[in-house]
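Results of the structural survey
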Amino acid sequence: MDLLALTDFNLVARHGGFGRASRATGRPKATLSRRVAELESSLGLRLLERGASSLKLTEEGRALYERTWALLAEVEETAAIIASGGEKPQGRLRISAPLLFSQAAMGKLAAGFAVKYPEVRLEVTTEDRPVDMVNEGYDLVIRVNPDPDENLVGRIFLRDRLVVVAHRDLMRPNDSSTVPAVLRGMGDRTTAWNVITSTGKASIAIETVLRLSSHFMVRDAVRQGVGAARLPLSLVTHDLAAGTLVSWGDIDGPDTALWALYPSRRLLSARVSAFLGYLRDAFPMGTPDELAAYIAS
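Criteria and cut-off values
Residues numbered from 1 in each chain as written. Predicted model: local features only at pLDDT ≥ 70, side-chain atom pairs only at ≥ 80, totals over all residues. Heavy atoms only, no water. Pairing = 2+ DSSP bridges. Helix = DSSP H or I, 4+ residues; strand = E, 2+ residues; numbered from the N terminus. Axes fitted to C-alpha atoms, helices over the stretch in contact; angles between N-to-C directions. Contact = heavy atoms within 4.5 Å. Expected span 1.5 Å × (residues − 1). Core = buried A, V, L, I, M, F, W, Y, C linked by side-chain atoms within 4.5 Å. Buried < 20%, exposed > 50% of the residue type's maximum accessible area, 1.4 Å probe, protein only. Phe/Tyr/Trp six-rings, centres within 6.5 Å; stacked < 30°, edge-to-face > 60°. Lys NZ or Arg CZ within 6 Å of the ring centre and 35° of its normal. Salt bridge = Lys/Arg side-chain N within 4 Å of Asp/Glu carboxyl O. Parallel < 35°, antiparallel > 145°, perpendicular 65-115°, else oblique. Left-handed = near helix turned anticlockwise from the far one by under 90°. Nonpolar A, V, L, I, M, F, W, Y, C, P; charged D, E, K, R; others polar.

Strand order in this open sheet of 5 strands is β4-β3-β5-β13-β6, and the pairing throughout is mixed. The two strands at the open ends of the sheet, each matched to only one other strand, are β4 (120-126) and β6 (152-160). Each neighbouring strand pair of the sheet contributes to a mean axis angle of 20°, computed without reference to strand direction. With 7 bridges connecting them, strand β3 (residues 91-97) and β4 associate as parallel partners. Pairing of Leu93 across the sheet is with Leu122, part of β4. Strand contacts of helix α9 (residues 270-282): β3, β4, β5 (140-144), β6 and β13 (256-263), with the helix running at about 50° to β3, the strand carrying the most contacts.

Dropping the structure here:
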């Protein structure tokens, strides 16, 4: 197989067309088209469906792209490492991170990483949806309690848990009454929170008085005494310590685990390795209190 033709095919697949790949890389459009046609001829397969105004990968083309893009990236990176005389992280590093973690800590993390590794061009996007690392070109994703994926590997670098908190002046309800509640999101139809306290399990009946789209907005509303809420412990640790908010118990359910995930492959990118190491140094214990201290510092 012609590696140059395979490389050009990957460029076209990644950018979604010959014209876009040509503009992004400076390679002539005619050359890219010829190389891909030669690759198709040598394999005896159609890799691209060429429409009048669009281009789409065939099933075989998508399979070839998914199996080769990481290998070609490793070859390119290895060549760059050898040329530079060592495994020095450099080049572009694309990361996708969830909204709450991005708002709380990602700006500080990205700035510190950029200072430590100035030759890495870090790009961070914030999305709660499960992105497609291959097709969207991400090197690493940070996700909360992700579903198992045989194509990805990674590790937990932080743990958190949900707690029910309220202003110290808000009376905790008895078994027969409801409490005003602030919920995150428009789709949550919860009518009660099941919590674990020092005396055992309990259920808190709620009446929604306010719906907000972010945990930070929910926390600010709870600080004003408008109602109780479920919030990550890391966001309210200092409020609880100061006594402005009180805890009514931990939510009865699994902890929140933040994972750093990357494509499963033998040779891990120097850039990804550097960022994983930076996360480990930032959160060596991976506890909610550690994240709270990082946010506050």
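Time to look at the sheet that holds strand β8 (residues 179-184). With mixed pairing, 6 strands are arranged side by side in an open sheet as β8-β10-β9-β12-β7-β11. Only two strands of the sheet have a single partner each, and these edge strands are β8 and β11 (229-232). Strand-to-strand twist of the sheet, defined as the mean angle between neighbouring strand axes without regard to direction, takes the value 55°. Together, β7 (162-167), β11 and β12 (245-251) form the strand contacts of helix α8 (residues 233-242), whose direction differs from that of β11 by roughly 100°.

Taking 1.5 Å as the rise per residue, helix α3 (residues 29-43) with 15 residues should run 21 Å; its terminal C-alpha atoms sit 21 Å apart, in good agreement. Phi turns positive, to about 70°, at Gly44, one or two residues after α3.

A separate point is the nonpolar core. Ranked by internal contacts, the top residues of the largest apolar core, which has 27 residues, are Phe101, Leu109, Ile142, Phe157, Phe275 and Phe283. Contributions of two or more residues to this core are made by β3, α5 (99-116), β5, β6, β13, α9 and α10 (288-296). In terms of residues, this core owes the most to one element, α9, which gives 7 residues. Contact partners of Phe157, with chain neighbours within four places excluded, come to Phe101, Ile142, Leu258, Trp259, Ala260, Leu279, Phe283 and Gly286. Counting 20 residues, the second-largest nonpolar core is a separate cluster that includes Ala5, Phe18, Leu47 and Leu64.

Here the focus is the packing of aromatic side chains. Applying the stated rule across the entire model yields 7 aromatic pairs. Ring plane angle 70° and centroid distance 5.2 Å describe the contact between Phe113 and Phe275, whose orientation is recorded as edge-to-face. Of this pair, Phe113 sits in helix α5 while Phe275 sits in helix α9, placing them 162 residues apart in sequence. By relative accessible area, which is 0% here, Phe113 ends up buried. Through pairs of rings, three or more aromatic residues link up here, namely Phe101, Phe157, Phe283 and Tyr294. Over the ring of Tyr138 we find Arg94, and its NZ or CZ is 4.3 Å from the ring centre. One cation-aromatic arrangement involves Lys108 over Tyr294; the distance from NZ or CZ to the ring centre is 4.1 Å.

Okay, the pattern of salt bridges next. This structure, assessed with the given rule, holds 12 salt bridges. In this structure, Arg92 and Glu123 form a salt bridge, with 3.7 Å as the shortest nitrogen-oxygen distance. Of the two residues, Arg92 sits in strand β3 while Glu123 sits in strand β4, which places them 31 residues apart along the sequence. For Glu123, a relative accessible area of 31% translates into the label partly exposed.

Here we take up unusual backbone geometry. If a residue is not glycine, its phi is most likely negative; likewise, a peptide bond is most likely trans. The backbone of Asn145 shows a phi angle near 40°, a positive value even though the residue is not glycine. Structurally, the position occupied by Asn145 is in the loop between β5 and β6. Look at Asn145 and you get partly exposed, because its relative accessible area is 39%.

Next up on the list: the packing of helix α2 (residues 18-25) against α3. Running from N to C, α2 and α3 point in directions that differ by 125°, and their axes come no closer than 9 Å. Relative to α3, the element α2 lies oblique. Crossing handedness for the pair α2 and α3: right-handed. Judged by residue contacts, Phe18, Gly19, Ala21 and Ser22 of α2 engage Lys29, Leu32, Ser33 and Val36 from α3. Here the residues of the contact of α2 with α3 sort into 4 nonpolar, 3 polar and 1 charged.

From the geometry alone we can't say anything about function, so treat these as descriptive.
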